[in-house]
Amino acid sequence: MKSDNFSEWFNELLVDAKIMDVRYPIKGLYVWFPFGFTLRKLTYDMLRSLLDREHEETYFPLLIPENELLKESEHIKGFEEEVFWVTRGGSTELEVPLALRPTSETAIYPMFSIWIRSHADLPIRIYQIVNTFRYETKHTRPLIRLREITSFKEAHTAHTSWEEAKKQTEAAVALYKEFYDRLGIPYVVSRRPQWDRFPGANYTIAFDTLMPDGKSLQIGTIHHLSTNFAKTFDITYEDRSGNQQYVNQTCYGISERCIAAVISVHGDDKGLVLPPEVAPTQIVIIPIFTAQANSEAVLKACNELKHQLSRYRVVLDADDTRPGAKFYKWEKQGVPVRIEVGPRDISKRAVTLVRRDTGKKEVVERSKLQARVAEVMTEVLNTIAERAQAVLRSHIVAIETPEQAKGKKGFFQISWCGSESCGLQLQELSEADVLGEAEPIEGRCAVCKTPTNVRAFLARPY
Ligand code: A5A
Ligand code: ZN
């Protein structure tokens, strides 16, 4: 069951619902089943359309020369233990070892240095959706901690000033909010403490959601890079007065974890519950044959409905399996709406509509079906979003001492002076991480007792 063994539920569902095959013989690498791949595609199409409003899609190579990767000292300190290397071509040792990108700053920024000449070239906003490789040493898990992230949606921007780059981080936060809202995934957005920022960044803003086992999952990050990389890769522009200036940069990314969140946050003991916008099948029509004599009329009605609803991704499941087995199968796949048509429905010119999110049944006249289905699709998203939001809210708990968080599920808020030493102490005593700052309230730091209105957000992250 999801509630008492989330890990087992998640792993079984990935296979049962045909999301991923986890039997590939390399640790941290998995195979997408066609069904899972369609869910992935629909989800990314949505993110792509959001990014396309203000960014241009590009593609940079997978391989990064060692000398470029090593240039930014903070960045490489953060990634050196996670890089996969290509050192040979056939039997020839390469003169310069090539890294499989763990992320693409060091592939992209040498090119920015060539591309950017004047203030007229700025801002640049690009993104790519590519695979990245990280030799993760923590426990690997499908969709959550991968050694090949198959779809890293990374954006990179360059601006004339720190302020412009800051505005870009705000625009990225708004964009990610819209993305997760449309998936019904609730989140906490916070600025990571400085000891936990992205290697090479000035500061990092993160989205975290709550997983069913009470741990937090970081589902997206946005980084203000200031001029750190610009100085390393010599990315300058000529300003209006003819002076050379370093660009200010940002980057932000989302991985497969967005799919992990959709599956884990909304799914139940029957299987997936998918937001209609990304459900590979949005409607399944199931004929109910009772008396053999009626079966042709039932099938005919089903085909008409399928046609009538053709603006949705709709499947007519007319094979001769028992209806119960079909219900079970489509519920597992998270299909938001099931329409049943039996002889009695035909005589009434109506159908039975069943919602995956609530299991509720209603009889709908066929003349009103189009309109009702459109409403139900919106209601499904709202219902699952509100339900998830309520779970997250009820798991944000204010505590007085860090020990109160030990072994408990969820997010915790605790007074904190903001210093790194007290932050690290909080982490040790609570056995949780400081994600960022919560809404301020007057109090005293739980470690050093200094008066403060800052409060830390604590959680045990994946
Ligand atoms: N270039 C920037 C955007 C970057 O690399 N940021 S990041 O390292 O924070 O990664 C972006 C997001 O990818 C993270 O917020 C996290 O949600 C996800 N991520 C990181 N490592 C991952 C892994 N091994 N498997 C799956 N997702 C991962
Ligand atoms: Zn303190």
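Above this text is the structure in question.
Parameters at a glance
Note that residues are indexed from 1 along each chain, following the sequence as it is written. Key to labels: chains lettered from A, ligands numbered from 1, both in the order written. Given that this is a predicted model, residues contribute local features only at a pLDDT of at least 70 and side-chain atom pairs are listed and counted only at 80 or more, while totals for whole chains, interfaces and linings are drawn from all residues. Note: side-chain values were computed over all heavy atoms of the structure, leaving out hydrogens and water. When DSSP finds two or more bridges between a pair of strands, those strands are recorded as paired. Helix and strand assignments come from DSSP, with helices taken as H or I runs of at least 4 residues and strands as E runs of at least 2, each series counted from the N terminus. For each residue, the accessible area found with a 1.4 Å probe, counting protein chains only, is set against the maximum for its type, and the residue is called buried under 20%, exposed over 50%, and partly exposed in between. Picture the helix axis, draw a direction to every C-beta atom, and the arc is the one those directions span. A pair is scored as a salt bridge if a Lys or Arg side-chain nitrogen falls within 4 Å of a carboxyl oxygen belonging to Asp or Glu. As a rule, N, O and S atoms within 2.8 Å of a metal are its donors, except that Na, K and Ca use 3.2 Å; water is not among the atoms, so sites may look incomplete. Any coordination sphere not matching a tetrahedral pattern (four donors, all angles between 85 and 135 degrees) or a square planar or octahedral pattern (four or six donors, opposite donors over 155 degrees apart, other angles between 65 and 115) is reported as irregular. Using a grid of 1 Å spacing that covers the protein atoms alone, one calls a set of points a cavity when a 1.4 Å probe fits there but cannot get out, and a pocket when the set is open and has protein on both sides within 12 Å along at least five of seven lines; lining residues are those with an atom within 4 Å of a point. Grid points are joined across faces, edges and corners, and a volume is the space filled by probe spheres set on the points. Polarity classes work like this: nonpolar for Ala, Val, Leu, Ile, Met, Phe, Trp, Tyr, Cys and Pro, charged for Asp, Glu, Lys and Arg, and polar for all others, with Gly in that last group. Helix axes are fitted only over the stretch in contact, all axes being lines through C-alpha atoms; the angle between N-to-C directions runs from 0 to 180 degrees. Here, residues are in contact when the closest pair of their heavy atoms is within 4.5 Å. Each residue is tested against the molecule or strand, and it is near if at least one of its non-hydrogen atoms lies within 4 Å. Pairs of N or O atoms within 3.5 Å make up the polar contacts considered here, provided that, within protein, one atom can donate a hydrogen while the other can accept it, and that residues adjacent in sequence are counted only when both atoms are side-chain atoms. Each accessible area value is a Shrake-Rupley result obtained with a 1.4 Å probe; residue values ignore everything except the protein chains displayed when judging cover. Whether a molecule lies in a cavity or pocket depends on its atoms, and more than half of them have to be within 2 Å of the grid points.

## Considerations on the pairing of strand S6 (residues 92-100)
- In this structure, strand S4 (residues 63-65) lies alongside S6, joined through three bridges in antiparallel fashion. Residue pairing for S6: Leu63 is matched across the bridge by Leu100.
- For strand S5 (residues 85-89) and S6, the ladder comprises four bridges, and the chain directions are antiparallel. When the sheet's bridge partners are listed, Val86 is paired in S6 with Leu98.
- Hairpin connection, S5 to S6: the antiparallel pair is bridged by two residues, and Gly90 has positive phi, about 60°.

## Describing helix H13 (residues 420-430)
- All buried positions along H13 are accounted for by Cys422, Gly423, Leu426, Gln427 and Ser430. For H13, the angular spread of the buried residues around the axis is 145°, confining them to a single face. Exposed residues on H13 whose side chains face more than 90 degrees from its buried face are Ser421 and Glu428.
- Just past H13, the residue Glu431 takes up positive phi, approximately 55°.

## Some details on the pattern of salt bridges
- Throughout the structure, instances matching the rule amount to 30 salt bridges.
- The salt bridge partner of Arg192 is Asp196, with a shortest N-O separation of 3.5 Å.
- Relative accessible area serves as the criterion here: at 4%, Arg192 is assigned to the buried category.
- With its nearest N and O atoms 2.8 Å apart, the salt bridge here joins Arg355 to Glu379. Pair noted here: Arg355 is in strand S18 (residues 350-355) and Glu379 is in helix H12 (residues 369-394), with a separation of 24 residues, a long-range link.
- A relative accessible area of 28% means that Glu379 is categorised as partly exposed.
- Bridged by salt links that share partners, the residues Arg355, Asp357, Glu362, Arg372, Glu375 and Glu379 form one connected network.

## Side note on the coordination of the zinc ion (ligand 2)
- Coordination of the zinc ion (ligand 2) by the protein is provided by Cys417 (SG), Cys422 (SG), Cys445 (SG) and Cys448 (SG), with metal-donor distances spanning 2.3 to 2.4 Å.
- Coordination at the zinc ion (ligand 2) is tetrahedral: its four donor atoms span angles of 105 to 113° at the metal.
- Sequence spacing among the residues donating to the zinc ion (ligand 2) works out to C-x4-C-x22-C-x2-C. Of this pair, Cys422 sits in helix H13 while Cys448 sits in the loop between strand S23 (443-444) and strand S24 (451-452), and the two are 26 residues apart along the sequence.

## Re the layout of surface pockets
- Estimates place the volume of the largest pocket at around 1,300 Å³.
- Lining the largest pocket are 49 residues, with Arg134, Asp196, Phe198, Pro199 and Gln218 positioned closest to its centre.
- Elements with a minimum of two residues in the lining of the largest pocket: helix H4 (73-79), strand S8 (148-159), strand S10 (203-210), strand S11 (216-226), strand S14 (248-254) and strand S22 (433-438).
- Of the residues assigned to the lining of the largest pocket, the class counts are 18 nonpolar, 14 polar and 17 charged.
- Taken as a whole, the second largest pocket encloses approximately 340 Å³ of empty space.
- Looking at the second largest pocket, it is lined by 20 residues, and the ones nearest its centre are Lys2, Val265, Arg387, Ala388 and Val391.
- Looking at which element gives the most residues to the lining of the second largest pocket, the answer is H12, with five residues.
- When grouped by side-chain class, the residues that make up the lining of the second largest pocket number ten nonpolar, six polar and four charged.

## What about the sheet that holds S18?
- If you walk across this open sheet you meet the five strands as S16-S15-S17-S18-S19, and the pairing is mixed. Among the strands making up the open sheet, the edge pair consists of strand S16 (314-316) and strand S19 (361-365). The average angle at which neighbouring strand axes cross in this sheet is 25°, direction not considered.
- Pairing of strand S15 (residues 283-287) with strand S17 (residues 337-341), which is carried by five bridges, proceeds in the parallel orientation.

## So, the sheet that holds S22
- With mixed pairing, four strands are arranged side by side in an open sheet as S20-S21-S25-S22. In this open sheet, the two edge strands, each paired with only one partner strand, are strand S20 (396-398) and S22. Here the average twist between neighbouring strands, direction ignored, is 30°.
- Bridging between S20 and strand S21 (residues 411-415) involves three bridges; their strand directions are parallel. Pairing of Ile396 across the sheet is with Phe411, part of S21.
- On top of the sheet, H13 reaches S21, S22 and strand S25 (455-459); it is set at about 120° to S22, its chief contact.

## Thoughts on the site of ligand 1
- Every one of the 20 residues lining ligand 1 counts as a neighbour, but Glu105, Glu136, Gln218, Thr221 and Ser255 are closest to it.
- Glu105 is positioned such that a nitrogen or oxygen atom in its side chain is 2.6 Å from a nitrogen atom of ligand 1.
- Here Arg134 contributes a side-chain N or O atom positioned 3.0 Å from an oxygen atom of ligand 1.
- When the free accessible area of ligand 1 is taken as 570 Å², the share hidden by the protein chains comes to 95%.
- Structurally, ligand 1 is housed in the largest pocket.
- Listing elements by their share of the shell around ligand 1, those giving two or more residues are S8, S11 and S14.
- Ranked by residues supplied to the shell around ligand 1, first place goes to S11 with five residues.
- Looking at side-chain class alone, the shell around ligand 1 contains eight nonpolar, seven polar and five charged residues.

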